[in-house]
Amino acid sequence: MLRVVVVHPDLLGTYGDGGNALVLVARARWRGVEAELVQAPSHVKLPEGDIYCLGGGEDGPQERSARILREEGSLKASLDDRGVLLAVCAGFQIAGNEFPGVGGESVGGLGVFDAVTTRGVGKRAVGEVLVEPSDELPIPLLTGFENHRGVTQLGSNTRALGTVVRGTGNSRESCSEGAVSGRAIGTYLHGPVLARNPALADLLLEWALGDRGVLGPIDDSEVEKLRDERIASFRRRKTGLFGCRFSNA
Ligand code: GLN
């Protein structure tokens, strides 16, 4: 049985990222792999899981969630063992080394990613994002939606999930998006990201299953239409988006 745990949906549930867990469970079951979804609110001890999903959230709840997870210690221990992580936006920042708390002071994260988040100056990063994944990952372009003030700098021990084609991602200066470390993926993409990028969902499932199961082919024609539409929408827009690589497209 593959267990997918939604971590602290009461604190990190503002952006619909709980949908990522629904996608993981559905895509496993469609291939005949038994899977269960477990909601783990912040007042209960975090249960053991195969895949943990951390979602986005506002600054206060994000800080509270990080403090609980650090005190418990079990999420980091499970990830060091064999657990798989998808951490989105506030969740991504929590999984790094530090991020800004409500008062602007630095709050300690879980240290899954060698990454430090600080409060950005100027406008929040809000809008559609297109990302070219790192060559090491066997997945196509990633599409999603971002809404954050935090700016994340990766340290030398963590590589980016990909390069920003359109949007902001980790920071305007770096053109990098998200992070990969072992079997943990961090990203700024909401959407939910796995509904818009099923190949990323399957990659997480494969990491979690190891030799316990094989994922057969699946008909993704419907979601491919959505992806085509989202990717094409960038070509129609002439202004208003920061672009790292194809800014004149
Ligand atoms: N509060 C964080 C920020 O603004 C995360 C926001 C989010 O999860 N969308 O950077």
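Summarised in this report is the structure supplied together with it. None of the values given here were measured: they were computed from a predicted structure.

So, the overall build of the protein
Step number 1: When helices and strands are counted, the protein shows seven helices and 14 strands.
Step number 2: Taken against the 2.2 N^0.38 rule, which gives 18 Å for 249 residues, the C-alpha radius of gyration of the protein at 17 Å falls within 12% of a compact globule.
Step number 3: On the principal axes, the C-alpha backbone points of the protein span a range of 50 × 45 × 30 Å.
Step number 4: Every one of the 249 residues in the protein was classed for burial, and the buried ones make up 54%.
Step number 5: In the protein, the share of contacts with a sequence separation of at least 24, taken over all contacts with a separation of at least 6, comes to 70%.
Step number 6: Accessible surface for the protein amounts to roughly 11100 Å². Of this, 50% is attributable to carbon and sulfur atoms.
Step number 7: When the 28 positive and 32 negative side-chain charges of the protein are each reduced to one mean point, those points stand 5 Å apart.

Some remarks on the site of the ligand
Step number 1: Around the ligand, the surrounding shell holds 14 residues, and the nearest of these are Asp59, Cys89, Asn147, Arg149 and Gly150.
Step number 2: Within the side chain of aspartate 59, one N or O atom sits 2.5 Å away from a nitrogen atom of the ligand.
Step number 3: Within the side chain of arginine 124, a nitrogen or oxygen atom sits 3.4 Å from an oxygen atom of the ligand.
Step number 4: Burial of the ligand by the surrounding chains reaches 96%, relative to a free accessible area of 300 Å².

A closer look at the pairing of strand β1 (residues 2–7)
Step number 1: The buried fraction of β1 is high, at five of six residues.
Step number 2: Of the strand pairs in this sheet, β1 and strand β2 (residues 35–40) are connected by six bridges, and their pairing is parallel. When the bridges of β2 are listed, valine 7 appears paired with alanine 40.
Step number 3: Between the parallel pair β1 and β2, the chain is carried across by helix α1 (residues 19–29), and the sense of this crossover is right-handed.
Step number 4: The pairing of β1 with strand β3 (residues 51–54) spans four bridges and is parallel. Looking across to β3, one finds that valine 5 is bridged to tyrosine 52.

What about helix α6 (residues 198–209)?
Step number 1: With twelve residues, α6 extends 16 Å between its outermost C-alpha atoms, agreeing within 8% with the 16 Å of an ideal straight helix rising 1.5 Å per residue.
Step number 2: Summarising burial for α6: nine of the twelve residues are buried, a large majority.
Step number 3: Among the residues of α6, Pro198, Leu200, Ala201, Asp202, Leu203, Leu204, Leu205, Ala208 and Leu209 are the ones counted as buried.
Step number 4: Looking one or two residues past α6, glycine 210 carries a phi angle of roughly 55°, positive in sign.

Some remarks on the sheet that holds β3
Step number 1: Judged by pairing direction, the sheet is mixed, and its six strands sit side by side in the order β2-β1-β3-β4-β14-β13 without closing on themselves. The sheet is open, and its two borders are formed by β2 and β13 (179–181), each paired with just one other strand. Within this sheet the neighbouring strands show an average axis-to-axis angle of 15°, counted without direction.
Step number 2: Of the strand pairs in this sheet, strand β4 (residues 84–88) and strand β14 (residues 184–187) are connected by four bridges, and their pairing is parallel. Within β14, the residue paired with valine 88 across the bridge is threonine 187.
Step number 3: Against the sheet, α1 contacts β1, β2, β3 and β4, and its axis sits at roughly 165° relative to β2.

Some details on α1
Step number 1: Of all eleven residues in α1, eight are buried; the element is thus mostly enclosed.
Step number 2: Burial in α1 covers these residues: Gly19, Asn20, Ala21, Val23, Leu24, Val25, Arg27 and Ala28.
Step number 3: Contacts made by the buried residues of α1 are with β1, β2, β3, β4, α5 (193–196) and α6.

Section: the pairing of β4
Step number 1: With respect to burial, β4 is a largely interior element, five of its five residues being buried.
Step number 2: What you see with β4 is no split at all: Val84, Leu86 and Val88 on one side and Leu85 and Ala87 on the other are buried throughout.

As for the pattern of salt bridges
Step number 1: Per the counting criterion, the structure on display carries 14 salt bridges.
Step number 2: In this structure, aspartate 50 and arginine 82 form a salt bridge, with 2.8 Å as the shortest nitrogen-oxygen distance. Of the two residues, aspartate 50 is situated in the loop between β2 and β3 and arginine 82 in the loop between α3 (74–81) and β4; the sequence distance between them amounts to 32 residues.
Step number 3: A salt bridge links glutamate 128 to arginine 230; the nearest nitrogen and oxygen atoms lie 3.3 Å apart.

Calculation rules
- Residues numbered from 1 in each chain as written.
- Predicted model: local features only at pLDDT ≥ 70, side-chain atom pairs only at ≥ 80, totals over all residues.
- Heavy atoms only, no water.
- Helix = DSSP H or I, 4+ residues; strand = E, 2+ residues; numbered from the N terminus.
- Rg over C-alpha atoms; globule rule 2.2 N^0.38 Å.
- Buried < 20%, exposed > 50% of the residue type's maximum accessible area, 1.4 Å probe, protein only.
- Contact = heavy atoms within 4.5 Å.
- Areas by Shrake-Rupley, 256 points an atom, 1.4 Å probe, with all protein chains shown as cover.
- Lys, Arg positive; Asp, Glu negative; His and termini not counted.
- Charge placed at Lys NZ, Arg CZ, Asp CG, Glu CD.
- Near = heavy atom within 4 Å.
- Polar contact = N/O pair within 3.5 Å; in protein donor to acceptor, adjacent residues only side chain to side chain.
- Pairing = 2+ DSSP bridges.
- Right-handed = clockwise from strand over helix to strand, strands pointing away.
- Expected span 1.5 Å × (residues − 1).
- Axes fitted to C-alpha atoms, helices over the stretch in contact; angles between N-to-C directions.
- Salt bridge = Lys/Arg side-chain N within 4 Å of Asp/Glu carboxyl O.

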